Amino acid sequence: MKTILEERLELKREIEKVAEVAGYLWTKGWAERNGGNITINITDLADSGMKSMAAISDIIKLDVELPNLKGAFFYCKGTNKRMRDLARFPMDNGSVIRICDDCKSYEIIADNPVKPTSEITAHLSVHNHMVGKGSNYKAVLHTHPIELVAMSHNPEFLKKDVLTKLLWSMIPETKAFCPRGLGIIPYKIPGSVELAESSLKELDDYDVVMWEKHGVLAVGDDILEAFDQVDVLTKSAQIYIAAKNMGFTPDGMSDEAMKEMSVVFNLPK
Ligand code: 2HA
Ligand code: ZN
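Scoring rules and cut-offs
- Residues numbered from 1 in each chain as written.
- Chains lettered and ligands numbered in written order.
- Predicted model: local features only at pLDDT ≥ 70, side-chain atom pairs only at ≥ 80, totals over all residues.
- Heavy atoms only, no water.
- Donors = N, O, S within 2.8 Å, 3.2 Å for Na, K, Ca; no water.
- Helix = DSSP H or I, 4+ residues; strand = E, 2+ residues; numbered from the N terminus.
- Buried < 20%, exposed > 50% of the residue type's maximum accessible area, 1.4 Å probe, protein only.
- Pairing = 2+ DSSP bridges.
- Phe/Tyr/Trp six-rings, centres within 6.5 Å; stacked < 30°, edge-to-face > 60°.
- Salt bridge = Lys/Arg side-chain N within 4 Å of Asp/Glu carboxyl O.
- Near = heavy atom within 4 Å.
- Polar contact = N/O pair within 3.5 Å; in protein donor to acceptor, adjacent residues only side chain to side chain.
- Areas by Shrake-Rupley, 256 points an atom, 1.4 Å probe, with all protein chains shown as cover.
- Nonpolar A, V, L, I, M, F, W, Y, C, P; charged D, E, K, R; others polar.
- Contact = heavy atoms within 4.5 Å.
- Axes fitted to C-alpha atoms, helices over the stretch in contact; angles between N-to-C directions.
- Parallel < 35°, antiparallel > 145°, perpendicular 65-115°, else oblique.

(A) Broad picture of the coordination of the zinc ion (ligand 2). At 2.1 Å from the zinc ion (ligand 2) lie its protein donor atoms, namely His 142 (NE2), His 144 (NE2) and His 214 (NE2). Read in sequence order, the donor residues coordinating the zinc ion (ligand 2) give the pattern H-x1-H-x69-H. Remark: His 214 occurs in the loop between β8 (208-211) and β9 (215-220) and His 144 occurs in the loop between β6 (139-143) and α5 (146-151); sequence separation between them is 70 residues. Among the residues examined, His 214 registers a relative accessible area of 14% and is labelled buried.

Okay, here's the thing in structure tokens:
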């Protein structure tokens, strides 16, 4: 059993990680204006004080039903808020919400009545799915990494596992640190139920999925882990593009080298 103080410190640490990652997203150029969003399932860190907090908003309806999230708590980036502001003031540019007992609505409980991200449907659907599977994943990140989004404009790269294989083969660490690769979601309107639903299916096989011509969605135990996976994939994309800019198509690691890597590092697939 954790003490209330331990829970509070852990919660503070999780919010600090969100602020840290928001700063990286901005400096990397992945978070123009209000681009991207972050949500963290903080239910396990909610102490009795938090559990009894009164709502500071009306009840807000969701577009989906989330049967596994009854009474769950989330930190959510606010809609229309900038990552670069969130990096300095996470509680002014996001809020804590509680899912209502009907599992179809939520209310904001702290600190300010900042309405959550426009991608709330996808984020909460993913959290619901992860809780249902008994996963430890608590963090969901959506961001707009330049090189990966650019690559999603090539139909060849959207075929199953073509981009995963190419990115893994650019540098050994990519498969080691993003061992499930990059799933592909054909273009869907941002914020839609369709985008949320197709993301769920892909997340059974991948920890990072590409929303064609838009951005990526990544999951992890914490937000740093989700960020790191997008970061290693993007590094590989940059190496590929750097080689192309020098006028040649990079060789990529051979199938044997990839196989050897997978055995030595005990990786799936
Ligand atoms: O929050 O990135 O996809 C702004 C977005 C929507
Ligand atoms: Zn987006």
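(B) The sheet that holds strand β1 (residues 37-41), seen in detail. As summarised here, the arrangement of the nine strands in space is β2-β5-β4-β3-β1-β6-β9-β8-β7, forming an open sheet in which the pairing is mixed. The open sheet has two free edges, formed respectively by β2 (60-61) and β7 (182-185), since each of these has just one partner strand. Across five bridges, the pairing between β6 and β9 is antiparallel. What sits directly across from His 142, in β9, is Leu 217.

(C) Examining the pairing of strand β5 (residues 105-110) more closely. Among the six residues of β5, six are classified as buried, and the element is accordingly described as predominantly covered. Sheet analysis places β2 next to β5, joined by two bridges and oriented antiparallel. Its bridge partner lying in β5, Lys 61 is registered against Ser 105. Strand direction decides the pairing type here: strand β4 (residues 94-99) and β5, joined by four bridges, are antiparallel. Note that in β5 the partner of Val 96 across the bridge is Ala 110.

(D) Geometry of the packing of aromatic side chains. Under the counting rule described, the total for this entry stands at three aromatic pairs. On the basis of an interplanar angle of 40 degrees and a centroid distance of 5.3 Å, the ring pair of Tyr 24 and Phe 227 is categorised as tilted. Taken together, the positions of Tyr 24 in helix α1 (residues 4-27) and Phe 227 in helix α9 (residues 223-245) put the pair 203 residues apart, joining distant regions of the chain. Exposure remark for Phe 227: the relative accessible area of 5% places this residue in the buried category.

(E) Geometry of the pattern of salt bridges. Tallying each qualifying case throughout the model produces 17 salt bridges. For the salt bridge of Asp 102 with Lys 61, the shortest nitrogen-to-oxygen distance reads 3.5 Å. Remark: Lys 61 occurs in strand β2 and Asp 102 occurs in the loop between β4 and β5; sequence separation between them is 41 residues.

(F) Structural context of the site of ligand 1. Residues in contact with ligand 1, as listed here, are Asn 34, Gly 35, Gly 36, Asn 37, Ser 118, Glu 119, His 142, His 144 and His 214. One nitrogen or oxygen atom from the main chain of Asn 34 is found 3.4 Å from an oxygen atom belonging to ligand 1. Between ligand 1 and His 214, the relevant distance is 3.0 Å, taken from an oxygen atom to a side-chain nitrogen or oxygen of the residue. Burial of ligand 1 by the protein chains amounts to 89% of its free accessible area of 220 Å². A breakdown of the residues in the shell around ligand 1 according to their chemical character gives no nonpolar, eight polar and one charged.

(G) Focus on unusual backbone geometry. Backbone geometry at Cys 103 places phi at a positive 60 degrees, although glycine is not the residue there. Relative to the elements of secondary structure, Cys 103 occurs in the loop between β4 and β5. One non-glycine residue, Asn 266, adopts positive backbone phi at about 60 degrees. Structurally, the position occupied by Asn 266 is in the segment after α10 (255-264).

(H) The arrangement of the environment of Val 64 in detail. For Val 64, the location among the structural elements is in the loop between β2 and β3 (73-77). A residue is classified by how much of its surface remains accessible, and Val 64, at 15% relative accessible area, is buried. Between the C-alpha atoms of Val 64 and Cys 103, which are 39 residues apart in sequence, the distance is 8.6 Å. Those residues within four positions of Val 64 in sequence are excluded, and the remaining contacts are Cys 103, Lys 104, Thr 121, Ser 125 and Val 193.

(I) Highlighting the packing of α1 against α9. Two numbers describe how α1 lies on α9: the axes approach to 9 Å, and their chain directions differ by 25 degrees. Here α9 runs roughly parallel to α1, going by the angle between their axes. Touching Arg 13, Lys 17, Val 18, Glu 20, Val 21, Tyr 24 and Leu 25 of α1 are Ile 223, Leu 224 and Phe 227, all from α9. Here the contact of α1 with α9 is built from residues that sort into seven nonpolar, no polar and three charged.

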